[in-house]
Each structure stands twice: as structure tokens, then as C-alpha cells.
Number of protein chains: 2
Amino acid sequence: MSTTFRSCFVPTGFILGYIAYLLLGALVFSAIERPVEETLKSDLSSLKAEFLNLSCVNATALETFLEKVLQANKYGVSVLENATLPTNWDLASALFFANTMVTTVGYGHSTPLSDEGKAFSIVYALIGVPFTMLVLTACVQRLMHPLTYGPISICQRRAGLQPRTASVVHFIVLLFLVVLGFFVVPALVFSTIEETWSFLDSFYFCFISLCTIGLGDFVPAEKPGQRLRALYKISVMVYLFVGLMVMFLVLRTFHKLADVHGWTAFFQLPSYEEEDEDREPIIEQEPDDESPEAEKASVKPLDPSSQVSYNSINR
Amino acid sequence: MSTTFRSCFVPTGFILGYIAYLLLGALVFSAIERPVEETLKSDLSSLKAEFLNLSCVNATALETFLEKVLQANKYGVSVLENATLPTNWDLASALFFANTMVTTVGYGHSTPLSDEGKAFSIVYALIGVPFTMLVLTACVQRLMHPLTYGPISICQRRAGLQPRTASVVHFIVLLFLVVLGFFVVPALVFSTIEETWSFLDSFYFCFISLCTIGLGDFVPAEKPGQRLRALYKISVMVYLFVGLMVMFLVLRTFHKLADVHGWTAFFQLPSYEEEDEDREPIIEQEPDDESPEAEKASVKPLDPSSQVSYNSINR
């Protein structure tokens, strides 16, 4: 397979495969969890009716009832008449759940109820989390040139900045654009769409999500009667994915910056260009190596002429 | 500062700083959230008393009451008599919350109630998440030699394995030990301590936590009347931290393995030893560079003689 072909094919293939994997997860979660959820729902509503029929409500009866209510709520099943979405496991919701799972955000606003669901979650995340990291890495790898190397070189050539200054200026501009485009603007959008969310709530949601903390106290599209709910859920998914990619890009750019300023070396951390010990191959390459890629990788680090300076590309 | 001194000082300093940072977070969260939680708690209990005093419970009254109950529950404040822990924001709980925040696990079993708490969460995670990554990286960096390079070399020399085979055998053994020591054994412990957790529940908890998904449907030490609760919370924190470190180690070892077998090159991903484009310095090093570390880092990659083969160390 030629390098050019792979260069186009790999990210596209990864993204298509990723979408297929999410869909698969959504279908399985939906199939496993929906019947369990429905049983719990009907149990809960009959319990509520029973409770209302009591001639006199005493503390013990209320306590027992509330215990069941909170237990069900833990799994995302609400006792309220108007607050209940038809289900937590329709295709859009299941897709959203699968996505928050593999990106390790994990809001936990709805969680698998059944043992089958839990077991499937383990297997699904076991493949899905590394797969997501792979897709994100492959995409960010291709974004580094146009968004990091390119702009820094322009700063140097056009504005005549010193290399170190250029990398700092670039990082500050990148950070500003990311904060604006992935925190401030989305926060404004969320605070408009979600009636009960203040701007701080929305900003907090964006931050907690893109750090993959995902506390789950704020989850979009969980209010009943939301218009175009499925589309909204999918949009949030896309926002999360692209947002994570951008966070990853910022992190890598910062890592390069730290290398340039000698911070990684000072703290004896692996540099972006990796320290000596880490640059060594884990094992010696066999001389009769049949893989041309592996051979290429093992030869190049030892060949100083292959080390093209970043700036020389743009000269 | 000498390299040897830094080699001992950096990880120790990082870990001490990390503990101090967690303690600071716990104190602030505790100070901010405790009064808000207490107000919510007393509101809720007076609401409950009021509800019980109603001469006849109708559907509307119940609905309003339940709405408040669920709202409070979202923030970790329970309406139940026996199920309520004294507070979610005592020092051990706040420490646990701060830890799940900076490790991006984020169970969300308790979440900040106040605007100050949310704002502090953002600032705290902004510093804490990269700090945690730094500490984990610094620790894993130092574990790679004894746990990955060392054992592989022993496999090669003692068992006379081919280098590629040795790296695969090492990875399988490492994986087996990690699954046993960080999933199976802790799952057994949790299922013993937490009465309502089955083995699957506990295993699912370990997995969801160490992948940093943290759905929060299972959170240890949240049952009332648990003996030595504070100590138990701290132990879980230590388990999470060491577990994450080990997961990181497995990931890095796998990355090296993927390089050796040419998989990263095939998918055009950044190799552990980094591809050419990435090995280039982001900018050219200035000739009058005042930092000896930066200079060293920039010179060494170009000097083939500095590339000591992994195996040659052990000869």
C-alpha cells in the first residue's frame, strides 16, 4: 500500500470505523437495557400508585417508597410524570452513552442496569477506549502541520520573530482561539438552549466534559419535550469529539513548547522528541527484518541526515 | 542541580506536591460546599416533614415533593433517614472528590452545589489535571526500566528468546499480572467490603474507574455506618492513583511493542520513538542557548554514537 494512499485512507477509515463502532454499541446497549428499563419503570409507577392509595402516609411507608425512587433514579429512571423521557435507551441516547463511554467522559446520567449491560460495557470500553485514542491520535497527527508547525513558521518568516518567541506567541493565540471556540461560544449556545443553565453552568459543563472528568450534574438534551432531541444529542457528540481532538492538539503543542524551552529535560520527563533511553528501540531490530516499515523506523533515528530541521522545510 | 539529585528529587517532590495539592483542594471544597449542603439538607428535611403532615396526599403534592427530592439527590444530598452520610464534604470525602476530579475519573456521586464551587472546580482541574498527568508521567518514566526494559532483556538473555518474541511474552505476562493485581484482586476485596456489590459489580467498578470513565453508579465507601470510612476512602484513592500509573505503564509498553512490530509506522501514527516530522525540534535551537539541558537535548538526537542500543546496556 503506498504511503500517499495510506495517508488519505487511514484517517477516513478510522473515522468511518469509529462511527460504525459507536452505532454497534448503541444498538447493543439499546437492545440489552431497554427491556430492563421498562420493567423498572412499570414497577416504579405501580409502586407510586400503591403509595398514593394508602389511607394514611406514615414515615416508614414514605421512607421505603423514597428508597426505591432513589435507587431507580441512580440508573437514570425517574419517578416523575413530566420529567421522564420516553426512554434512556433510544438510538440517539444509546449512541450518546456509547460515545461518553469510549471517550472516558462517562457522565453516568444513565448507566447499565443489567449484568449483561455491565459485562458488555467492559468489553466495549476495552476495545473502544484505545480505539478512540487511536482515532484522535491519527487525526491530531495530521492537524499538527497546518495548525502548529505552519503558523509558527509563518510567525518567524513574516513577523521576523525569534524561534522561541514565535512558539510562545503561537501557543497563546492557539489557546485563546480554543477557549473562545470550544468553551465560550459553546457555553453561550448551551445556556441559550438549556433553559435552566446559567452561563457559568454551561461553561462548567464544557470544561468538565472536555477534561473527560464528566461529573454528569449537567447533561444536555435531558429535559423532556426538547425539540429535535436526537439531532441535539448527535451535535453534542460531535462537539465532544472535535473538542477532545483540539484539547489533544493543545496538549501536544504545549509538549513541543516545553521541549523547546528545556522544561521537559529539566524535569527529566520524556520529551516530545523522546529522551535517549526512550528513543532506543525496545529490542534490536533483526537484520533479516521482513517489514519495510519497521526497518525504516529502525534505521532513520540513527541517520543524522534524515533529521530535517523544522525550519528547513519552509525555506 | 545535578542530574542524580534531580532524578531522586523530581518524583519525590512531585508526589509531595501532589498530596499537598489534593489537601488544598479538599479544604477549599469542604469550606465552600459544606454550608450549601447543610442548607439544602435542612430544606429537604423540613419539606419532608411538611409532606408527612398533609391530611391527604394527592398526586400533585407528591410530584412536587419528589421533584425536590430528585433535584437534591443530583447533588449527592439524600432524603433518606438512614442512608444519609453526615456530609459529603468531610475531609476524606472532599479529598476523594478532589482526587476523582484531577484524575478525570469524575464519578459525580457528589458535585459542587454553589457557583463558587463550580468556578473553583474549573480552576482546580485546570491546574490539577495537567499536574496529575505530569506526576504520572514522571513516575511511569522511572518504572519503565525495571518493569519493561529490564524484564525483556532478561527474557532474551536467560530464555534465549528472539527479541520480538521476548517483547510479546513480556507484554502478555505484564497484562496478566495487571489484570490479576489491579482488577481481579481489588474486585474480590470490594465485593467483600461492599455488601451489595457482586463480583461483577466490583470488577465493573475497577474497570470503569481505571479507564477514567467513572460512571459513578458504584462508588465505594458511600454506605452509611461503614467502619473506618475515612481510611477506606484514602485506600481507594491510593488504589486509583497506582492503578492509573499501571494502566499508563501498560499503554507505554504496548506503544513500544507496536513500534517494534511496525504497527505504528503502518498506520502512520507517531511512534514511541516518534516519526521524523515529530522528532524535528519545533524551532531551531539558538546557537547562544543558555540552557545546558536544552542544548544537550538538541545535540543528542543528531549524534548516532549517543544512541546506545537497549541490549548493549545489559551486556
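Given the structure is predicted, the values throughout are model-derived calculations rather than measurements.

When you go through chain A residue by residue, the secondary structure sums to eleven helices and zero strands. Here chain A holds 315 residues, and 53% of them are scored as buried. Here the contacts in chain A between residues at least 6 apart in sequence split such that 68% fall between residues at least 24 apart. Of the roughly 13,700 Å² of accessible surface on chain A, 68% is carried by carbon and sulfur atoms.

Looking now at the pattern of salt bridges. Where charged atoms from two side chains of opposite charge approach closely, those side chains can pair. Applying the stated criterion to the full structure yields eight salt bridges over all chains. Put simply, Asp115 of chain A and Lys118 of chain A hold a salt bridge, and the shortest N to O gap is 3.7 Å. Here Asp115 of chain A pairs with Lys118 of chain A, and both are found in helix H4 (residues 115-158), just three residues apart, close to one helical turn. One salt bridge in this structure joins Asp90 of chain B and Arg229 of chain B, with 3.7 Å as the shortest N-O distance. Of this pair, Asp90 of chain B sits in the loop between helix H2 (59-74) and helix H3 (91-102) while Arg229 of chain B sits in helix H7 (residues 229-260), and the two are 139 residues apart along the sequence.

Residues and elements named next belong to chain A. Running from N to C, helix H5 (residues 163-193) and helix H6 (residues 199-210) cross one another at 130°; their axes reach a closest spacing of 8 Å. For the element pair H5 / H6, the angle class is oblique. H5 and H6 meet at a crossing whose hand is right-handed. Each of Phe182, Phe183, Val184, Pro186, Ala187, Leu188, Phe190 and Ser191 in H5 lies in contact with H6, whose residues at this interface are Phe199, Ser202, Phe203, Phe205, Cys206, Phe207 and Leu210. Counted by class, the contact of H5 with H6 contains 13 nonpolar, two polar and no charged residues.

The next point concerns the environment of Val129 of chain A. As for its placement among the helices and strands, Val129 of chain A is situated in helix H4. For the pair formed by Val129 of chain A and Thr104 of chain A, sequence separation is 25 residues and the distance between their alpha carbons is 7.0 Å. Beyond its immediate stretch of four places on either side in the chain, Val129 of chain A contacts Met101, Val102 and Thr104 of chain A together with Ile213 of chain B.

Residue and element names in this part refer to chain A. The UniProt record marks residues 12-32, 122-144, 165-190, 202-219 and 231-251 with the feature "transmembrane region" (unreviewed entry), using the residue numbering of this structure. Annotated as residues 165-190, this span is 100% helix and 0% strand, and its ends, taken at the C-alpha atoms, are 36 Å apart. Here residues 231-251 runs as 100% helix and 0% strand, with 30 Å between its end C-alpha atoms.

The subject of this paragraph is the confidence of the model for chain A. Residues and elements named next belong to chain A. Model confidence for chain A is summarised by a mean pLDDT of 79, while 81% of its residues fall at 70 or above. Mean pLDDT across the elements of chain A ranges from a minimum in helix H11 (residues 310-313), with 34, to a maximum in H6, with 94. Low pLDDT, under 50, characterises residues 274-315; the stretch is placed with 99 contacts to residues that sit more than four places away or in other chains. For this predicted complex, the interface confidence score (ipTM) comes to 0.80, while the overall pTM stands at 0.81.

Our next topic: a nonpolar patch on the surface. Residues Val169, Val173, Phe176, Leu177, Leu180, Val185, Val189 and Ile193 of chain A make up a contiguous nonpolar surface patch of roughly 660 Å² in combined accessible area. Here Leu180 of chain A lies in helix H5.

For helix H6 (residues 199-210) of chain B, which comprises twelve residues, the first-to-last C-alpha distance of 16 Å matches the rise-based estimate of 16 Å (1.5 Å per residue) to within 8%. Where H6 of chain B is concerned, the buried positions are Asp201, Ser202, Phe203, Tyr204, Phe205, Cys206, Phe207, Ile208, Ser209 and Leu210 of chain B. Contact partners of the buried residues in H6 of chain B: helix H3 (91-102) and H4 of chain A together with helix H5 (163-193) and H7 of chain B. The positive-phi residue at the C-terminal boundary of H6 of chain B is Thr212 of chain B, with phi of around 60°.

Now for the side chain of Glu33 of chain A. All names here are of chain A. By the secondary structure assignment, Glu33 is in helix H1 (residues 3-53). Look at Glu33: it is buried, it has no salt bridge, and the nearest opposite charge is Lys118 at 8.3 Å. Of note is the side chain of Glu33, whose polar atom sits 3.0 Å from the side chain of Ser114. In contact with Glu33, other than residues within four places in its own chain, are Trp89, Pro112, Leu113, Ser114 and Gly117.

Inspection of the entire model under this criterion finds 46 aromatic pairs over all chains. Summarising the aromatic geometry, the rings of Phe190 of chain B and Trp197 of chain B are spaced 6.0 Å apart at their centres and angled 40° between planes, so their arrangement reads as tilted. Of the two residues, Phe190 of chain B and Trp197 of chain B, neither departs from the other in class, the shared state being buried. Of the aromatic side chains, those joined through ring pairs into one cluster are Phe14, Tyr18, Tyr21, Phe29, Trp89, Phe97, Phe120, Tyr124, Phe131 and Phe241 of chain A.

What follows deals with H7 of chain B. Given 3.6 residues per turn, any residue in an α-helix points the same way as the ones three and four places further on. Taking 1.5 Å of rise per residue, 32 residues should cover 46 Å, and H7 of chain B covers 46 Å from first to last C-alpha, within 8% of that figure. At the C-terminal side of H7 of chain B, Gly262 of chain B shows a positive phi close to 75°.

All right, on to the packing of H5 of chain A against helix H7 (residues 229-260) of chain A then. Packed helix pairs are characterised by how far apart their axes lie and by the angle those axes make with each other. Residue and element names in this part refer to chain A. Contact geometry for H5 and H7: axes closest at 11 Å, N-to-C directions at 160°. The orientation of H5 with respect to H7, classified from their angle, is roughly antiparallel. As for the relative orientation of H5 and H7, their crossing is left-handed in sense. Class assignment of the residues belonging to the contact of H5 with H7 gives a composition of 21 nonpolar, four polar and one charged.

So, about unusual backbone geometry. All names here are of chain A. Despite not being glycine, Thr212 has its phi angle at roughly 60°, a positive value. Assignment of secondary structure puts Thr212 in the loop between H6 and H7. Looking at Thr212, the relative accessible area reads 12%, which means it is buried.

Before going further, it helps to spend a moment on the environment of Phe254 of chain B. Residues and elements named next belong to chain B. Here Phe254 is to be found in helix H7. Along the sequence, Phe254 and Ser167 sit 87 residues apart, while their C-alpha atoms lie 9.4 Å from each other. When residues no more than four places from it in sequence are discounted, the contact partners of Phe254 are Phe171 and Trp263.

With that out of the way, let us pick up the environment of Asn73 of chain A. Structurally, Asn73 of chain A is set in helix H2 (residues 59-74). Note: C-alpha distance between Asn73 of chain A and His109 of chain A (36 residues apart in sequence) is 9.1 Å.

Procedures and definitions
Residues numbered from 1 in each chain as written. Chains lettered and ligands numbered in written order. Predicted model: local features only at pLDDT ≥ 70, side-chain atom pairs only at ≥ 80, totals over all residues. Heavy atoms only, no water. Helix = DSSP H or I, 4+ residues; strand = E, 2+ residues; numbered from the N terminus. Buried < 20%, exposed > 50% of the residue type's maximum accessible area, 1.4 Å probe, protein only. Contact = heavy atoms within 4.5 Å. Areas by Shrake-Rupley, 256 points an atom, 1.4 Å probe, with all protein chains shown as cover. Salt bridge = Lys/Arg side-chain N within 4 Å of Asp/Glu carboxyl O. Axes fitted to C-alpha atoms, helices over the stretch in contact; angles between N-to-C directions. Parallel < 35°, antiparallel > 145°, perpendicular 65-115°, else oblique. Left-handed = near helix turned anticlockwise from the far one by under 90°. Nonpolar A, V, L, I, M, F, W, Y, C, P; charged D, E, K, R; others polar. UniProt positions renumbered as here; feature names shortened; annotations may be inferred. pLDDT = per-residue confidence, 0-100. Patch = residues over 30% accessible without salt bridge, like charges linked within 9 Å, V, L, I, M, F, W, Y side chains within 5 Å. Expected span 1.5 Å × (residues − 1). Lys, Arg positive; Asp, Glu negative; His and termini not counted. Polar contact = N/O pair within 3.5 Å; in protein donor to acceptor, adjacent residues only side chain to side chain. Phe/Tyr/Trp six-rings, centres within 6.5 Å; stacked < 30°, edge-to-face > 60°.

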